[in-house]
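One letter stands for each residue in the lines below.
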Amino acid sequence: MSKVDTELNDELRSEYDLKSLRVRRFGPKRKAFGGVVRLEPDVAEAFPNADAVNEALRLLIEIAKRSERPTKPEVD
């Protein structure tokens, strides 16, 4: 048998160090990379992409802030 050439001839730059990368696993052993929210299928149908979801949620937050009414101070 001949020795297999393990040298890759790719176009990656030498400053890219891919040796430290690990495959993300699903489940409890997976490290968190930020807040991932899964939408139910019926909700996801209403939005074409993540930007549309974010825009709708920001609008909802703004409406909620405007509808908050300050409480009246109690008079003794």
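An account of the accompanying structure is given in this report. (Residues numbered from 1 in each chain as written. Predicted model: local features only at pLDDT ≥ 70, side-chain atom pairs only at ≥ 80, totals over all residues. Heavy atoms only, no water.)

Some words on the overall build of the protein chain
Item 1. On a plain count of helices and strands, the protein chain comes out with two helices and zero strands.
Item 2. Carbon and sulfur atoms make up 54% of the accessible area of the protein chain, which amounts to about 8,900 Å² in all. (Helix = DSSP H or I, 4+ residues; strand = E, 2+ residues; numbered from the N terminus. Areas by Shrake-Rupley, 256 points an atom, 1.4 Å probe, with all protein chains shown as cover.)

Re the pattern of salt bridges
Item 1. On inspection of all chains with the given rule, the structure shows one salt bridge.
Item 2. Glu62 serves as the salt-bridge partner of Arg66, at 3.2 Å between the closest nitrogen and oxygen. Taken as a pair, Arg66 and Glu62 lie in helix H2 (residues 50-67) at a separation of four residues, close to a single helical turn.
Item 3. Note on Glu62: relative accessible area 35%, which makes it partly exposed. (Salt bridge = Lys/Arg side-chain N within 4 Å of Asp/Glu carboxyl O. Buried < 20%, exposed > 50% of the residue type's maximum accessible area, 1.4 Å probe, protein only.)

Some remarks on a nonpolar patch on the surface
Item 1. A surface patch of nonpolar side chains, about 420 Å² in accessible area, is lined by Leu12, Tyr16, Leu18 and Leu21.
Item 2. Mapped onto the secondary structure, Leu12 falls in the segment before helix H1 (41-44). (Patch = residues over 30% accessible without salt bridge, like charges linked within 9 Å, V, L, I, M, F, W, Y side chains within 5 Å.)

Notes on H2
Item 1. Here H2 is 18 residues long and its end C-alpha atoms lie 26 Å apart, about the 26 Å a rise of 1.5 Å per residue gives.
Item 2. One side-chain oxygen of the residue at the start of H2 lies 3.2 Å from the amide nitrogen of Asp51, identifying that residue as Asn49. (Expected span 1.5 Å × (residues − 1). Polar contact = N/O pair within 3.5 Å; in protein donor to acceptor, adjacent residues only side chain to side chain.)

Spatial relationships are all this shows, so hold off on functional conclusions.
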